[in-house]
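# Topology and contacts: notes
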Amino acid sequence: MTTRALLSSMHVSRPLAASGLVFWWCSALFLIALGSPSPAWGQSDDLDVYIPGADSGDDIEEPIDEPPIDDSTPEPAAEEPQRPVKVSVFVFPEVEMDNSVATGIFAGMRRGIRGDDRLEWVDPSKAIASDAEEVEETDAQRGLAKLDDAIGQAEMGRWRQVVRILDDALELFEGDLSNTPRGALVDANMLWAVGQCKQRRQRVCETAFRRVVTFRENVEYDPTLLPEGVQSTFEEVRDETLEGARGSLLIESEPPGAEIFVDGRFVGAAPTRAEGLLAGDHYVTLKRVGYERQVQRVTVSTDYEEVVNYELFPLPNAPLLEDALASAREEMGQVRIGAGMRDLWSLLLIDQVVLGDLRRVGDTEQFDLTLYLYDLRTNHGLRRIERRLDWE
């Protein structure tokens, strides 16, 4: 009958790009276990917080304004199996700071929440997206249906039909990248390449394999989907491709501060640089709370650094979320939730929210991070965690 908060594996690396610019990795895990939430700050004595030793500074874990414990509170009923706790995270940097550090912390927390089956990450932008825009079948859904058809044709050895169907599927996927699963894009390209090999179009087949390896370096040949006779060709092309020349991308967004992923790998907050990319096509994903998610294909060259700038488009309900977050930021540290956090609950339909306050320490590369965990079902705060982060 407990609620636990776990902040583990807070690991930050800061690789320097050739030009001296920085991109951030944060693999923090903020895991909130299940159970009946505590009624107020300090009333859950077994709410444990674990933070590995910091590079500098002290870790502080304490309740705020601890109210007296009511010994007359009845014992709760026996625990029953519960659904995952729905959680969202928001990190607020100082006004004069850029979003790079806050975005890295946010991305690391999201990764940690998604990695725990007791929790369910709620994407704020998806939660406030208008349902009216989803009434029609998307091109990505049509592409998935064609991919299933192509797999069936491949099982019967009808490779000409496989290639023809996948021509249509890949066109649909490329036209609707924001809704296309990365795995489906890989499978369609791999099966298309095999279809070319099966029709003795060796050069086309190898080029197709090379394209897949370029944007998915860890791709493996799946014998449950693809025939074994082409596996050796794929492995030769993969090994050769991975030894190829590499380049970089400078990615900007308007407004700035969007989370940037290249081929599914988080590289930082825009503007940011992605380095060590194989020459060829890659997929850039941009995410920012309150804006439409974008996925764009871009070509990396070894002769020059490609600079790309993408305009983000706000969601219809973004102003409501912005107002709720502005109020919630003012309410951080209170024992009970206020109007802003109640608005977050009604907009996102979440059980718990983590709010973070991030401040730079003087002119250093150290940052003071304070995290507040609130349970929106009980209207109370559960825990505050403070930590000084050394990003050097």
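Residues numbered from 1 in each chain as written. Predicted model: local features only at pLDDT ≥ 70, side-chain atom pairs only at ≥ 80, totals over all residues. Heavy atoms only, no water.

A few words now on the packing of aromatic side chains. What the rule picks out here adds up to five aromatic pairs. Aromatic pair Phe106 and Trp121: ring centres 5.6 Å apart, planes at 75°, arrangement edge-to-face. Placement of Phe106 in helix H1 (residues 100-114) and of Trp121 in strand S7 (residues 119-121) is noted, with a sequence separation of 15 residues between them. Judged by its relative accessible area of 12%, Trp121 is buried. Ring pairs connect the aromatic residues Phe209, Tyr221 and Phe234, which therefore count as one cluster. Lying across the ring of Phe261, Lys287 places its NZ or CZ 5.0 Å from the centre. (Phe/Tyr/Trp six-rings, centres within 6.5 Å; stacked < 30°, edge-to-face > 60°. Helix = DSSP H or I, 4+ residues; strand = E, 2+ residues; numbered from the N terminus. Buried < 20%, exposed > 50% of the residue type's maximum accessible area, 1.4 Å probe, protein only. Lys NZ or Arg CZ within 6 Å of the ring centre and 35° of its normal.)

With that settled, the discussion passes to the nonpolar core. Leu166, Met190, Leu191, Phe209 and Tyr221 are the most contacted members of the largest nonpolar core, which has 36 residues in total. At the level of secondary structure, the elements contributing two or more residues to this core comprise helix H3 (139-155), helix H4 (159-175), helix H5 (182-198), helix H6 (202-215) and helix H7 (231-242). Beyond its immediate sequence surroundings of up to four residues, Leu166 is in contact with Leu147, Ala150, Ala188, Leu191 and Trp192. (Core = buried A, V, L, I, M, F, W, Y, C linked by side-chain atoms within 4.5 Å. Contact = heavy atoms within 4.5 Å.)

This brings us to the sheet that holds strand S9 (residues 259-262). An order of S10-S9-S12-S13 is seen for the four strands of this open sheet, with the pairing classed as antiparallel. The outermost strands of the open sheet, each flanked by one partner alone, are strand S10 (265-269) and strand S13 (294-300). Strand-to-strand twist of the sheet, defined as the mean angle between neighbouring strand axes without regard to direction, takes the value 30°. Packing of H6 onto the sheet brings it into contact with strand S12 (280-287) and S13, and relative to S12 it is tilted by some 35°. (Pairing = 2+ DSSP bridges. Axes fitted to C-alpha atoms, helices over the stretch in contact; angles between N-to-C directions.)

Our focus in this paragraph is the sheet that holds strand S11 (residues 272-278). Taken in spatial order, the three strands of this open sheet run S11-S8-S14, and their pairing is mixed. A strand with exactly one partner marks an edge of an open sheet, and here the two such strands are S11 and strand S14 (306-311). Here the strands of the sheet are splayed against their neighbours by 30° on average, with no regard to which way each runs. Sheet analysis places strand S8 (residues 246-254) next to S14, joined by six bridges and oriented parallel. Each bridged residue has a counterpart across the sheet, and for Ser253 the counterpart in S14 is Tyr310.

A cluster of like positive charges, contributed by Arg114, Lys126, Arg182 and Arg293, occupies part of the molecular surface. Its place among the elements puts Lys126 in helix H2 (residues 124-128). The class for Lys126 is exposed, based on a relative accessible area of 64%. (Patch = residues over 30% accessible without salt bridge, like charges linked within 9 Å, V, L, I, M, F, W, Y side chains within 5 Å. Areas by Shrake-Rupley, 256 points an atom, 1.4 Å probe, with all protein chains shown as cover. Salt bridge = Lys/Arg side-chain N within 4 Å of Asp/Glu carboxyl O. Lys, Arg positive; Asp, Glu negative; His and termini not counted. Charge placed at Lys NZ, Arg CZ, Asp CG, Glu CD.)

Everything listed here is a matter of geometry and, on its own, says nothing about what the molecule does.
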